[in-house]
Amino acid sequence: ALALLFYSFYNLYQILQRQRQIYVLKDDFIDNVSHELITPTATLQLALETLEKHEHTSSAKYIKIAKQHAERIESIVDQVIQSSLAQIEDEDIPLEKINLNSLLLDVIQYYETTYGDHLKIEANIDESIHIHTNKEQLSTVLHNVMSNAYKYGHPTQPEIQISLAERKGEVRINIADNGAGIPPDHHKLIFEKFHRVPSQTHDGKGLGIGLYHSRMLMQKIHGDIRLKNSSSKGSCFSIHLPNSIDFEA
(Lines give C-alpha, C1' and ligand atoms only; values in the text may rest on other atoms or scores of the structure.)
Protein backbone atom coordinates (compact mmCIF):
# COMPACT_ATOMS: atom_id res chain seq x y z
CA ALA A 1 0.00 0.00 0.00
CA LEU A 2 2.84 2.38 0.85
CA ALA A 3 4.54 1.62 -2.45
CA LEU A 4 1.29 2.32 -4.34
CA LEU A 5 0.87 5.61 -2.49
CA PHE A 6 4.46 6.59 -3.32
CA TYR A 7 3.95 5.65 -6.97
CA SER A 8 0.75 7.75 -7.13
CA PHE A 9 2.50 10.79 -5.63
CA TYR A 10 5.42 10.34 -8.06
CA ASN A 11 3.04 10.25 -11.06
CA LEU A 12 1.22 13.32 -9.78
CA TYR A 13 4.55 15.12 -9.38
CA GLN A 14 5.54 14.23 -12.96
CA ILE A 15 2.20 15.50 -14.31
CA LEU A 16 2.54 18.78 -12.40
CA GLN A 17 6.09 19.22 -13.69
CA ARG A 18 4.95 18.72 -17.30
CA GLN A 19 2.11 21.19 -16.80
CA ARG A 20 4.54 23.72 -15.37
CA GLN A 21 6.86 23.29 -18.39
CA ILE A 22 3.91 23.84 -20.74
CA TYR A 23 2.91 27.06 -18.95
CA VAL A 24 6.50 28.35 -18.98
CA LEU A 25 6.80 27.55 -22.71
CA LYS A 26 3.50 29.27 -23.44
CA ASP A 27 4.43 32.43 -21.52
CA ASP A 28 7.89 32.51 -23.13
CA PHE A 29 6.36 32.05 -26.59
CA ILE A 30 3.85 34.89 -26.08
CA ASP A 31 6.63 37.14 -24.77
CA ASN A 32 8.82 36.42 -27.79
CA VAL A 33 5.99 36.93 -30.30
CA SER A 34 5.39 40.35 -28.76
CA HIS A 35 9.10 41.14 -28.94
CA GLU A 36 9.34 40.10 -32.61
CA LEU A 37 6.42 42.36 -33.54
CA ILE A 38 7.71 45.45 -31.72
CA THR A 39 10.39 46.45 -34.26
CA PRO A 40 8.36 46.26 -37.49
CA THR A 41 5.34 47.83 -35.78
CA ALA A 42 7.38 50.76 -34.43
CA THR A 43 9.10 51.35 -37.78
CA LEU A 44 5.77 51.17 -39.61
CA GLN A 45 4.33 53.77 -37.26
CA LEU A 46 7.38 56.02 -37.71
CA ALA A 47 7.13 55.83 -41.50
CA LEU A 48 3.45 56.75 -41.43
CA GLU A 49 4.06 59.63 -39.00
CA THR A 50 6.83 60.93 -41.26
CA LEU A 51 4.44 60.86 -44.21
CA GLU A 52 1.87 62.76 -42.21
CA LYS A 53 4.29 65.48 -41.05
CA HIS A 54 6.11 66.00 -44.35
CA GLU A 55 3.36 66.25 -46.94
CA HIS A 56 5.58 67.97 -49.49
CA THR A 57 8.39 65.40 -49.47
CA SER A 58 8.50 62.37 -51.74
CA SER A 59 6.20 59.78 -50.25
CA ALA A 60 7.40 56.80 -52.30
CA LYS A 61 10.29 55.98 -49.93
CA TYR A 62 8.14 55.99 -46.80
CA ILE A 63 5.30 54.11 -48.47
CA LYS A 64 7.78 51.37 -49.43
CA ILE A 65 9.14 51.23 -45.86
CA ALA A 66 5.61 51.01 -44.45
CA LYS A 67 4.70 48.27 -46.91
CA GLN A 68 7.83 46.24 -46.12
CA HIS A 69 7.18 46.31 -42.40
CA ALA A 70 3.49 45.55 -42.79
CA GLU A 71 4.48 42.49 -44.85
CA ARG A 72 6.97 41.49 -42.15
CA ILE A 73 4.26 41.65 -39.47
CA GLU A 74 2.00 39.52 -41.68
CA SER A 75 4.84 37.01 -42.16
CA ILE A 76 5.49 36.69 -38.41
CA VAL A 77 1.80 36.14 -37.67
CA ASP A 78 1.59 33.58 -40.50
CA GLN A 79 4.58 31.66 -39.13
CA VAL A 80 2.97 31.48 -35.68
CA ILE A 81 -0.26 30.15 -37.21
CA GLN A 82 1.46 27.66 -39.52
CA SER A 83 3.77 26.39 -36.78
CA SER A 84 0.79 25.73 -34.52
CA LEU A 85 -0.50 23.22 -37.09
CA ALA A 86 0.69 19.63 -37.30
CA GLN A 87 2.00 20.30 -40.81
CA ILE A 88 1.67 22.74 -43.68
CA GLU A 89 -1.25 21.90 -45.93
CA ASP A 90 -0.32 20.03 -49.07
CA GLU A 91 -1.56 22.71 -51.43
CA ASP A 92 0.39 23.38 -54.61
CA ILE A 93 2.84 26.26 -54.29
CA PRO A 94 2.80 28.38 -57.46
CA LEU A 95 6.21 29.10 -58.96
CA GLU A 96 7.10 32.20 -60.94
CA LYS A 97 10.16 33.66 -62.60
CA ILE A 98 11.65 36.28 -60.29
CA ASN A 99 14.74 38.47 -60.21
CA LEU A 100 16.63 37.01 -57.26
CA ASN A 101 18.94 40.01 -56.96
CA SER A 102 15.99 42.38 -56.75
CA LEU A 103 14.41 40.31 -53.96
CA LEU A 104 17.68 40.23 -52.01
CA LEU A 105 18.10 43.99 -52.38
CA ASP A 106 14.58 44.56 -51.02
CA VAL A 107 15.34 42.38 -47.98
CA ILE A 108 18.68 44.14 -47.44
CA GLN A 109 17.01 47.53 -47.63
CA TYR A 110 14.51 46.42 -44.98
CA TYR A 111 17.30 45.72 -42.47
CA GLU A 112 19.33 48.80 -43.41
CA THR A 113 16.26 50.96 -42.88
CA THR A 114 15.30 49.22 -39.64
CA TYR A 115 18.72 49.20 -37.93
CA GLY A 116 20.53 52.03 -39.72
CA ASP A 117 24.24 52.49 -39.08
CA HIS A 118 24.14 49.93 -36.24
CA LEU A 119 24.16 47.12 -38.81
CA LYS A 120 26.74 46.64 -41.57
CA ILE A 121 25.71 44.54 -44.56
CA GLU A 122 28.08 43.44 -47.32
CA ALA A 123 26.49 41.79 -50.35
CA ASN A 124 28.23 40.10 -53.28
CA ILE A 125 25.23 39.75 -55.58
CA ASP A 126 26.41 41.49 -58.73
CA GLU A 127 25.23 38.91 -61.29
CA SER A 128 21.64 39.29 -62.37
CA ILE A 129 19.98 35.93 -61.69
CA HIS A 130 16.44 34.93 -62.60
CA ILE A 131 14.99 31.83 -61.01
CA HIS A 132 11.69 29.97 -60.88
CA THR A 133 10.48 29.83 -57.28
CA ASN A 134 7.81 31.22 -54.97
CA LYS A 135 8.73 34.80 -54.12
CA GLU A 136 6.63 35.03 -50.95
CA GLN A 137 7.98 31.79 -49.46
CA LEU A 138 11.59 32.60 -50.31
CA SER A 139 11.22 36.12 -48.92
CA THR A 140 10.02 34.68 -45.60
CA VAL A 141 13.04 32.37 -45.44
CA LEU A 142 15.44 35.22 -46.21
CA HIS A 143 13.90 37.37 -43.49
CA ASN A 144 14.15 34.56 -40.96
CA VAL A 145 17.84 33.98 -41.66
CA MET A 146 18.67 37.71 -41.80
CA SER A 147 16.79 38.32 -38.55
CA ASN A 148 18.80 35.59 -36.83
CA ALA A 149 22.05 36.90 -38.32
CA TYR A 150 21.37 40.29 -36.75
CA LYS A 151 20.00 38.91 -33.51
CA TYR A 152 22.90 36.52 -32.91
CA GLY A 153 25.60 38.65 -34.50
CA HIS A 154 28.15 40.77 -32.65
CA PRO A 155 26.29 42.54 -29.81
CA THR A 156 27.66 46.02 -30.61
CA GLN A 157 28.97 45.81 -34.19
CA PRO A 158 26.83 43.28 -36.06
CA GLU A 159 27.84 42.49 -39.63
CA ILE A 160 26.10 40.34 -42.22
CA GLN A 161 27.74 39.04 -45.40
CA ILE A 162 25.61 37.80 -48.29
CA SER A 163 26.87 35.99 -51.36
CA LEU A 164 25.19 34.39 -54.33
CA ALA A 165 26.62 31.51 -56.37
CA GLU A 166 25.74 28.75 -58.82
CA ARG A 167 26.87 25.26 -57.88
CA LYS A 168 26.00 22.13 -59.87
CA GLY A 169 22.84 23.54 -61.41
CA GLU A 170 21.49 25.17 -58.27
CA VAL A 171 21.57 28.62 -56.74
CA ARG A 172 23.06 29.02 -53.28
CA ILE A 173 22.50 32.06 -51.11
CA ASN A 174 25.00 32.23 -48.24
CA ILE A 175 24.21 34.48 -45.28
CA ALA A 176 26.91 34.83 -42.61
CA ASP A 177 27.01 36.73 -39.32
CA ASN A 178 29.88 37.73 -37.03
CA GLY A 179 28.46 36.39 -33.80
CA ALA A 180 29.83 33.94 -31.25
CA GLY A 181 28.67 30.92 -33.26
CA ILE A 182 26.39 28.01 -32.47
CA PRO A 183 27.60 25.41 -29.93
CA PRO A 184 28.36 22.09 -31.69
CA ASP A 185 25.78 20.20 -29.63
CA HIS A 186 23.07 22.48 -31.04
CA HIS A 187 23.97 22.07 -34.73
CA LYS A 188 21.54 19.20 -35.27
CA LEU A 189 18.80 20.80 -33.16
CA ILE A 190 18.48 24.30 -34.62
CA PHE A 191 15.87 23.28 -37.21
CA GLU A 192 13.61 21.68 -34.59
CA LYS A 193 10.41 23.41 -33.54
CA PHE A 194 10.79 25.82 -30.58
CA HIS A 195 14.53 25.15 -30.26
CA ARG A 196 16.51 28.25 -29.36
CA VAL A 197 20.27 28.54 -29.10
CA PRO A 198 21.34 30.02 -25.74
CA SER A 199 23.32 33.24 -25.93
CA GLN A 200 25.90 34.45 -23.46
CA THR A 201 26.24 37.92 -24.99
CA HIS A 202 22.72 39.28 -25.35
CA ASP A 203 19.02 38.63 -24.90
CA GLY A 204 18.66 36.63 -28.11
CA LYS A 205 14.90 36.73 -28.04
CA GLY A 206 13.11 34.77 -30.74
CA LEU A 207 10.21 32.46 -31.40
CA GLY A 208 12.21 29.30 -31.88
CA ILE A 209 10.23 28.60 -35.05
CA GLY A 210 12.08 30.64 -37.69
CA LEU A 211 14.50 27.95 -38.89
CA TYR A 212 11.92 25.20 -38.41
CA HIS A 213 9.43 27.09 -40.56
CA SER A 214 12.12 28.02 -43.10
CA ARG A 215 13.07 24.40 -43.70
CA MET A 216 9.42 23.48 -44.23
CA LEU A 217 8.99 26.32 -46.72
CA MET A 218 12.16 25.37 -48.59
CA GLN A 219 10.94 21.80 -48.91
CA LYS A 220 7.67 23.09 -50.38
CA ILE A 221 9.60 24.90 -53.13
CA HIS A 222 11.97 21.94 -53.64
CA GLY A 223 14.92 23.61 -51.97
CA ASP A 224 16.80 23.32 -48.70
CA ILE A 225 18.43 25.37 -45.97
CA ARG A 226 21.51 24.20 -44.12
CA LEU A 227 24.00 25.36 -41.54
CA LYS A 228 27.10 25.67 -43.71
CA ASN A 229 29.54 26.31 -40.88
CA SER A 230 29.76 27.85 -37.42
CA SER A 231 32.67 28.89 -35.23
CA SER A 232 33.59 31.51 -32.65
CA LYS A 233 33.83 33.98 -35.56
CA GLY A 234 30.22 33.53 -36.66
CA SER A 235 27.74 31.27 -38.45
CA CYS A 236 26.85 30.87 -42.11
CA PHE A 237 23.57 29.49 -43.43
CA SER A 238 23.20 28.31 -47.01
CA ILE A 239 19.89 28.46 -48.88
CA HIS A 240 19.78 26.00 -51.79
CA LEU A 241 17.43 26.51 -54.72
CA PRO A 242 17.77 23.62 -57.21
CA ASN A 243 16.10 25.36 -60.12
CA SER A 244 17.11 26.25 -63.65
CA ILE A 245 18.67 29.70 -63.73
CA ASP A 246 19.81 32.28 -66.24
CA PHE A 247 22.79 34.58 -65.80
CA GLU A 248 22.46 37.91 -67.56
CA ALA A 249 25.22 40.34 -68.29
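Quantities reported herein were computed from a predicted structural model and do not represent experimental measurements.

1. Here we look at the overall build of the protein chain
Within the protein chain one finds five helices and eight strands. When the helices and strands of the protein chain are placed in sequence order, the string is α-α-β-α-β-β-α-β-β-α-β-β-β. A burial count over the protein chain gives 42% of its 249 residues as buried. Of the contacts formed within the protein chain by residues at least 6 apart in sequence, a portion of 72% connects residues at least 24 apart. Summing over all exposed atoms, the protein chain offers an accessible surface of approximately 14,800 Å²; the carbon and sulfur share of this is 53%.

2. Here's the deal with the sheet that holds strand S4 (residues 159-167)
Read from one edge of the open sheet, five strands run S2-S4-S5-S7-S6, paired in mixed fashion. This sheet does not close on itself; its edge strands, each paired only once, are strand S2 (120-124) and strand S6 (224-231). The average undirected angle you get between the axes of adjacent strands in this sheet is 15 degrees. Bridge count for S4 against strand S5 (residues 170-177) is eight bridges, and the pairing is antiparallel.

3. Things to note about the packing of helix H3 (residues 100-115) against helix H4 (residues 135-151)
In the contact formed by H3 and H4, the axes pass within 11 Å of each other and the chain directions differ by 40 degrees. It follows that H3 is oblique to H4 by the angle criterion. At the point where H3 passes H4, the crossing takes the right-handed sense. Between H3 and H4, the contacting residues are Leu100, Leu103, Leu104, Val107, Tyr110, Tyr111 and Tyr115 on the first element and Lys135, Leu138, Ser139, Leu142, His143, Met146, Ser147 and Tyr150 on the second. Class assignment for the residues of the contact of H3 with H4 results in eleven nonpolar, three polar and one charged.

4. Quick look at the packing of aromatic side chains
As enumerated under the stated definition, the model contains four aromatic pairs in all. Centroid distance Tyr110 to Tyr111: 4.9 Å. Interplanar angle 70 degrees. Geometry classified as edge-to-face. Like Tyr111, Tyr110 is buried. The interplanar angle of 15 degrees and the centroid separation of 6.2 Å between the aromatic rings of Tyr111 and Tyr115 together place this pair among those described as stacked. Pair noted here: Tyr111 and Tyr115 are both in helix H3, with a separation of four residues, about one helical turn. Given a relative accessible area of 2%, Tyr111 falls into the buried group.

Definitions and limits used
- Residues numbered from 1 in each chain as written.
- Predicted model: local features only at pLDDT ≥ 70, side-chain atom pairs only at ≥ 80, totals over all residues.
- Heavy atoms only, no water.
- Helix = DSSP H or I, 4+ residues; strand = E, 2+ residues; numbered from the N terminus.
- Buried < 20%, exposed > 50% of the residue type's maximum accessible area, 1.4 Å probe, protein only.
- Contact = heavy atoms within 4.5 Å.
- Areas by Shrake-Rupley, 256 points an atom, 1.4 Å probe, with all protein chains shown as cover.
- Pairing = 2+ DSSP bridges.
- Axes fitted to C-alpha atoms, helices over the stretch in contact; angles between N-to-C directions.
- Parallel < 35°, antiparallel > 145°, perpendicular 65-115°, else oblique.
- Left-handed = near helix turned anticlockwise from the far one by under 90°.
- Nonpolar A, V, L, I, M, F, W, Y, C, P; charged D, E, K, R; others polar.
- Phe/Tyr/Trp six-rings, centres within 6.5 Å; stacked < 30°, edge-to-face > 60°.

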